[in-house]
Amino acid sequence: MSVKINRREVGEVTVVDLNGRLTLGDASAQLRDTLRELLEKGQKKIVLNLGQVAYIDSSGLGELVSGFTTVKNQGGQLKLANLTQKVNDLLTITKLYTVFEVHNDEKAAVQSFS
Amino acid sequence: MNQEARRVNVTLETKIECMDLGEEVARRVAMTAGFDEDEQHKICMAVRECLINALQHGNRQDPRKPIGLSFVLHPDRLVVQIRDQGKGFDLAAISDPLAEKHLMKSSGRGLFLVRCFMDELQVESGRNGGAVVTMTKRYSSNHNGQVGAEVEKERQQ
């Protein structure tokens, strides 16, 4: 019951596909490590594709916020795409929808960098 | 349904993997109680958040300290209790995660989510110390009332 993370390049943008549950423990740590590695490689245009994430707990939300801040502090941008309804609802009730730049699909999110 | 079937008690170890177990028990109880899928999801999230709270802030990740989880099915509602071995906490002292100054914090949303997803939330000190978190979910109008009706029927007998 964890998350699988896959990275791929779409032009200058790195799309990070998450599949599973973003919760306390390994899943949150995996996302943190992935973002840190991307920043170390100088990849600062990042889209998190959450299309296959049906569940995020408060720790997962915290990791998203933390990741957003880390990327921003290093001059990059972290955007979200493809939210499932439950994740969308979660970002709405926690007001985090006002923090993140959220796109309906990956294409729109990637294009928004240009 | 017999008397014993109205209550489910589980004792969990203070380990991250046990949070998934507690959540799974919650899902089965909520499903058995007749809550629809959306309400099952909310109950599971609320239970998970309380368990995480007990693990991190109550028992401070000490694996020697147990976490108690119980479910009681009433004719009109489900009551869930989570008991830890910590110092307890004041619900009123928990900061509002929606406030501008807290919005970018990486923690502090757990109990807020519980309040959003459940109908009632109370925190008390246990008889032997620790926090006892009690939360209630009432059956909605579209609830599959079979279980609640059975409990009510037994109560009347």
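Note that the structure is predicted; figures quoted are calculated from it, not measured. (Residues numbered from 1 in each chain as written. Chains lettered and ligands numbered in written order. Predicted model: local features only at pLDDT ≥ 70, side-chain atom pairs only at ≥ 80, totals over all residues.)

### Looking at the environment of L50 of chain A
Residue and element names in this part refer to chain A. Locating L50 in the fold gives a position in strand β3 (residues 45–56). Taking the C-alpha atoms as reference, L50 lies 12 Å from L31; in sequence the two are 19 residues apart. For L50, the residues in contact, after removing those within four places along its chain, are L18, L80, A81, N82, L83, T84 and V87. (Helix = DSSP H or I, 4+ residues; strand = E, 2+ residues; numbered from the N terminus. Contact = placed C-beta atoms within 7 Å.)

### Re the sheet that holds strand β4 (residues 120–125) of chain B
Residue and element names in this part refer to chain B. One open sheet accounts for five strands, arranged β1-β2-β3-β5-β4; its pairing is antiparallel. Every other strand in the sheet has two partners, leaving β1 (7–12) and β4 as the edge strands with one partner each. For this sheet, the mean angle separating the axes of adjacent strands, direction not counted, is 15°. In terms of strand pairing, β1 meets strand β2 (residues 67–73) through six bridges, oriented antiparallel. Within β2, the residue paired with T11 across the bridge is G68. (Pairing = 2+ DSSP bridges. Axes fitted to C-alpha atoms, helices over the stretch in contact; angles between N-to-C directions.)

### A few points about the packing of helix α1 (residues 16–33) of chain B against helix α2 (residues 37–58) of chain B
Residue and element names in this part refer to chain B. Closest axis-to-axis distance for the α1/α2 pair is 9 Å, and the angle between their directions is 150°. Taken as axis vectors, α1 and α2 run roughly antiparallel relative to one another. The handedness of the crossing between α1 and α2 is right-handed. Of the residues in α2, those touching α1 at M19, G22, E23, A26, R27, A30 and M31 are E39, Q40, I43, C44, V47, R48, L51, I52 and L55. A class-by-class count of the residues in the contact of α1 with α2 yields 10 nonpolar, two polar and four charged. (Parallel < 35°, antiparallel > 145°, perpendicular 65-115°, else oblique. Left-handed = near helix turned anticlockwise from the far one by under 90°. Nonpolar A, V, L, I, M, F, W, Y, C, P; charged D, E, K, R; others polar.)

### A look at unusual backbone geometry
All names here are of chain A. For N82, which is not a glycine, the phi torsion comes out positive at approximately 65°. Relative to the helices and strands, N82 resides in the loop between β4 (77–81) and α3 (85–93). The exposure class assigned to N82 is buried, which follows from the 23 C-beta atoms found within 10 Å. A positive phi is found at K95, a non-glycine position, where the angle reads about 65°. Its place among the elements puts K95 in the loop between α3 and β5 (101–103). (Buried ≥ 20, exposed ≤ 12 C-beta atoms within 10 Å, placed from the backbone.)

### Looking at the interface of chain B and chain A
Counting from both sides, the interface comprises 18 residues of chain B and, opposite them, 16 residues of chain A. Of all elements in the fold, only α1, α2 and α3 (110–117) of chain B reach the threshold of two or more residues within the side of chain B that touches chain A. Tallying contributions element by element places α2 of chain B first for the side of chain B that touches chain A, with five residues.

### Quick look at the sheet that holds β4 of chain A
Residue and element names in this part refer to chain A. Here five strands make up an open sheet; going across it, the order is β1-β2-β3-β4-β5 and the pairing mixed. At either end of the open sheet lies a strand with only one pairing partner, and these are β1 (3–10) and β5. Here the strands of the sheet are splayed against their neighbours by 25° on average, with no regard to which way each runs. Sheet topology places β3 next to β4; five bridges connect them, and they run parallel. Looking at the pairing, V47 lines up with K79 of β4.

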